[in-house]
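Descriptive structure summary
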Amino acid sequence: KAGVTQTPRYLIKTRGQQVTLSCSPISGHRSVSWYQQTPGQGLQFLFEYFSETQRNKGNFPGRFSGRQFSNSRSEMNVSTLELGDSALYLCASSYAGATNEKLFFGSGTQLSVL
Amino acid sequence: EDQVTQSPEALRLQEGESSSLNCSYTVSGLRGLFWYRQDPGKGPEFLFTLYSAGEEKEKERLKATLTKKESFLHITAPKPEDSATYLCAVQGGYSTLTFGKGTMLLVSP
């Protein structure tokens, strides 16, 4: 069974640009969550999607957005990039996103903003 | 607001030298405490879920325990392949995971 796939693996952008990251969950999983990981803050929750609907949202500015498609694939978008957006962005999937359900993470997209 | 503090930030052990990692937490209505392992360049990999104080779970050289305020990840006779960052996370009333910053473990042969 294929794992969670994130593309691209690495990305370099400049301030002010926008970026779109992609995540393909494990087949059959309908919940997709996104996390930002930095050395200083650790893993921070961005948002969760289930059946194309945003179900939970973390404490991030509106520049961070996402969506989920009918095949459960998800994208997240960051507009007007800032230097502080440099981070590893991780996607995680689970069957239903239920309480106590373990998450399966992808290897992440390493975003560098110059 | 849910909070998770992990200690130490980094730990270096000799192969075979047992030790414990700590995860202290405050959460409104604990629904679950999770341990994940993260290798460099990869996403976290699930290890354990603990639900209530007094619960213990084991997997190979790892044993996780839970009290009302903290969790421990005990590593018995570690091997170099146990080197990784170990992450603790809690799920409370808001149903989203709050992660600690992790403990970076290095096991030398």
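Here goes a summary of the coordinates provided. (Residues numbered from 1 in each chain as written. Chains lettered and ligands numbered in written order. Predicted model: local features only at pLDDT ≥ 70, side-chain atom pairs only at ≥ 80, totals over all residues. Heavy atoms only, no water.)

1. Side note on the overall build of chain B
The condition is simple: Helix numbers and strand numbers start at the N terminus; a helix is a DSSP run of H or I with at least 4 residues, a strand a run of E with at least 2. The globule rule used for comparison is 2.2 Å times the number of residues to the exponent 0.38, while the radius of gyration itself is calculated over C-alpha atoms. Remark: exposure states derive from per-residue accessible area (1.4 Å probe, protein chains only) relative to the maximum for the residue type, with buried under 20%, exposed over 50%, and partly exposed in between.
A count of helical and extended segments in chain B gives zero helices and eleven strands. Starting at the N terminus, the α and β elements of chain B follow one another as β-β-β-β-β-β-β-β-β-β-β. The C-alpha radius of gyration computed for chain B amounts to 13 Å, which stays within 12% of the reference 13 Å derived for 109 residues, consistent with globular compactness. In terms of principal-axis extent, the alpha carbons of chain B reach across some 45 × 30 × 20 Å. Counting across all 109 residues of chain B, residues that qualify as buried make up 48%.

2. Overview of the pairing of strand 7 (residues 62-66) of chain B
Residue and element names in this part refer to chain B. Put simply, the rule is: At least two DSSP bridges between two strands are needed for those strands to be called paired.
By the criterion of burial, strand 7 is predominantly enclosed, with four of the five residues buried. As judged from the four bridges shared by strand 6 (residues 56-59) and strand 7, these two strands associate in the antiparallel manner. Following the sheet pairing, lysine 57 is matched in strand 7 by alanine 64. Counting the residues in the hairpin turn of strand 6 and strand 7 gives two residues, including glutamate 60, whose phi is positive at 55 degrees. Sheet topology note: the strand 7/strand 8 (residues 70-75) ladder contains five bridges and is antiparallel. Across the sheet, residue lysine 63 finds its bridge partner in strand 8, namely histidine 74. The hairpin formed by strand 7 and strand 8 contains three residues between the paired strands.

3. Remarks on the sheet that holds strand 3 (residues 19-26) of chain B
Residue and element names in this part refer to chain B. Our working rule: Between N-to-C directions, angles cover 0 to 180 degrees, with each direction set by a line fitted to C-alpha atoms, over the stretch in contact for helices.
The strand order across the open sheet formed by five strands is 1-3-8-7-6, and the pairing between neighbours is antiparallel. Edge positions in the sheet fall to strand 1 (3-7) and strand 6, since each has one partner strand and no second. Direction aside, the axes of adjacent strands within the sheet are offset by 15 degrees on average.

4. Section: the layout of surface pockets
What counts, and what does not: Cavities and pockets were defined on a 1 Å grid built over protein atoms only: a cavity is a set of grid points that admits a 1.4 Å probe from which the probe cannot escape, a pocket is an open set flanked by protein on both sides within 12 Å along at least five of seven lines, and lining residues are those with an atom within 4 Å of any such point. Grid points are joined across faces, edges and corners, and a volume is the space filled by probe spheres set on the points. Under the grouping applied here, Gly and all other residues not named as nonpolar or charged are polar, the nonpolar ones being Ala, Val, Leu, Ile, Met, Phe, Trp, Tyr, Cys and Pro and the charged ones Asp, Glu, Lys and Arg.
One number sums up the size of the largest pocket: a volume of about 1400 Å³. Gln41(A), Gly42(A), Leu43(A), Gln44(A) and Phe99(B) are, among the 45 residues lining the largest pocket, the residues nearest its centre. Elements that contribute at least two residues to the lining of the largest pocket include exactly strand 4 (31-38), strand 5 (42-50), strand 6 (53-57) and strand 9 (87-94) of chain A together with strand 1, strand 9 (84-91), strand 10 (97-99) and strand 11 (103-108) of chain B. Split into classes, the residues belonging to the lining of the largest pocket amount to 16 nonpolar, 21 polar and eight charged. Quantified by volume, the second largest pocket comes out at close to 310 Å³. Residue lining of the second largest pocket: 17 residues in total, with Phe104(A), Phe105(A), Pro44(B), Glu45(B) and Phe46(B) positioned closest to the centre. Elements supplying a minimum of two residues to the lining of the second largest pocket: strand 10 (104-105) of chain A together with strand 4 (32-38) and strand 5 (45-50) of chain B. When grouped by side-chain class, the residues that make up the lining of the second largest pocket number seven nonpolar, five polar and five charged.

5. Side note on the state of the cysteines
Residue and element names in this part refer to chain B. Applied cut-off: Whenever a pair of cysteine sulfur atoms sits within 2.5 Å, that pair is classed as a disulfide.
Per the counting criterion, the structure on display carries two disulfides over all chains. A sulfur-sulfur distance of 1.9 Å marks the disulfide that ties cysteine 23 to cysteine 88. Judged by the sign of its S-S torsion, about -60 degrees, the cystine formed by cysteine 23 and cysteine 88 is left-handed. Taken as a pair, cysteine 23 in strand 3 and cysteine 88 in strand 9 lie far apart in primary sequence, 65 residues in all. Its relative accessible area of 0% is what places cysteine 88 among the buried residues.

6. Structural notes on unusual backbone geometry
Of note, the amide linkage connecting Thr7(A) to Pro8(A) takes the cis form, showing an omega dihedral of -10 degrees. Position of Pro8(A) relative to the elements: it lies in the loop between strand 1 (5-7) and strand 2 (10-13). Residue Pro8(B) follows Ser7(B) across a cis peptide bond; omega there is -10 degrees. Position of Pro8(B) among the secondary structure elements: in the loop between strand 1 and strand 2 (10-14). A positive phi angle, near 50 degrees, is found at Ser51(A), a position not held by glycine. Within the fold, Ser51(A) resides in the loop between strand 5 and strand 6. What makes Ser51(A) partly exposed here is its relative accessible area of 34%. Even without a glycine there, the phi angle at Thr80(A) is positive, about 45 degrees.

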